[in-house]
Amino acid sequence: MWLQYLLSVLVASAAVWLLFPERSLVSVVPRMAVASLGSAVVLLVVRRKEKRAADGSADDLVSLDGMLRWGEAPSDPRTRQAMLPAAHWAAILIWSRSTR
């Protein structure tokens, strides 16, 4: 995960610096580090909630993801509740692609 964070900071810093060359690299890197850290924290919180809702098993979480991708609805009420956060983000992603 830390390697992903480091790569995220480097790629984002390079992109911002190329888009805005008048900004100094010293000001761009810390800003991108904070933004990347914030997104990593959000990702970890969402993953933790989904894992907890899926009874803490990575296999259950993978099966929930597969159900969501294929549009299947589970019969167990607890599993349905666990799918809500993932379905919410999937709907936002689909909506954002359709509005372009």
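Residues numbered from 1 in each chain as written. Predicted model: local features only at pLDDT ≥ 70, side-chain atom pairs only at ≥ 80, totals over all residues. Heavy atoms only, no water.

Chemist: Give me the overall build of the protein: which residues, what numbers.
Modeler: Scanning the protein for helices and strands turns up four helices and zero strands. Helices (α) and strands (β) of the protein occur, in sequence order from the N terminus, as α-α-α-α. Put simply, of all contacts in the protein between residues at least 6 apart along the chain, 31% involve residues at least 24 apart. With an accessible surface of roughly 7900 Å², the protein has 67% of that area assigned to carbon and sulfur atoms. (Helix = DSSP H or I, 4+ residues; strand = E, 2+ residues; numbered from the N terminus. Contact = heavy atoms within 4.5 Å. Areas by Shrake-Rupley, 256 points an atom, 1.4 Å probe, with all protein chains shown as cover.)

Chemist: Requested: an account of helix 1 (residues 2–19), with residues and values cited.
Modeler: Because an α-helix packs 3.6 residues into every turn, residues spaced three or four apart end up facing the same way. Spanning 18 residues, helix 1 covers 26 Å between terminal C-alpha atoms, matching the ideal 26 Å at 1.5 Å per step. The set of residues buried in helix 1 consists of Tyr5, Val9 and Ser13. Looking straight down helix 1, one finds its buried side chains confined to an arc of 65°; they lie on one side. Counted as exposed and oriented over 90 degrees from the buried face of helix 1: Leu3, Gln4, Leu10, Val11, Leu18 and Leu19. (Expected span 1.5 Å × (residues − 1). Buried < 20%, exposed > 50% of the residue type's maximum accessible area, 1.4 Å probe, protein only. Arc of directions from axis to C-beta.)

Chemist: So what's going on with the environment of serine 13? Residues and values would help.
Modeler: Turning to its location among the elements, serine 13 is positioned in helix 1. For serine 13, a relative accessible area of 4% puts it in the buried group. Separated by 14 residues in the primary sequence, serine 13 and serine 27 place their C-alpha atoms 9.6 Å from one another. Among all residues touching serine 13, those that are not within four sequence positions of it are Val28, Val29 and Met32.

Chemist: Explain the packing of aromatic side chains residue by residue, including any values.
Modeler: As enumerated under the stated definition, the model contains zero aromatic pairs in all. Between the NZ or CZ atom of arginine 23 and the centre of the ring of phenylalanine 20, over which it lies, the distance is 5.7 Å. (Phe/Tyr/Trp six-rings, centres within 6.5 Å; stacked < 30°, edge-to-face > 60°. Lys NZ or Arg CZ within 6 Å of the ring centre and 35° of its normal.)

Chemist: For the confidence of the model for the protein, give the residues involved together with the corresponding values.
Modeler: The predicted coordinates should not be examined in detail at positions where pLDDT is low. Overall, the predicted model of the protein reaches an average pLDDT of 78, with 69% of residues at or above 70. Of all the helices and strands in the protein, helix 4 (residues 77–98) carries the lowest mean pLDDT, 65, while helix 1 carries the highest, 90. (pLDDT = per-residue confidence, 0-100.)

Chemist: Describe the side chain of serine 36, and please don't skip the residues or the numbers.
Modeler: Summarising the element assignment, serine 36 is placed in helix 2 (residues 25–53). Among the polar contacts listed, one links the side chain of serine 36 to the side chain of serine 8, at a separation of 3.0 Å. Residue contacts for serine 36: discarding those within four places in its chain leaves Tyr5, Ser8 and Val9. (Polar contact = N/O pair within 3.5 Å; in protein donor to acceptor, adjacent residues only side chain to side chain.)

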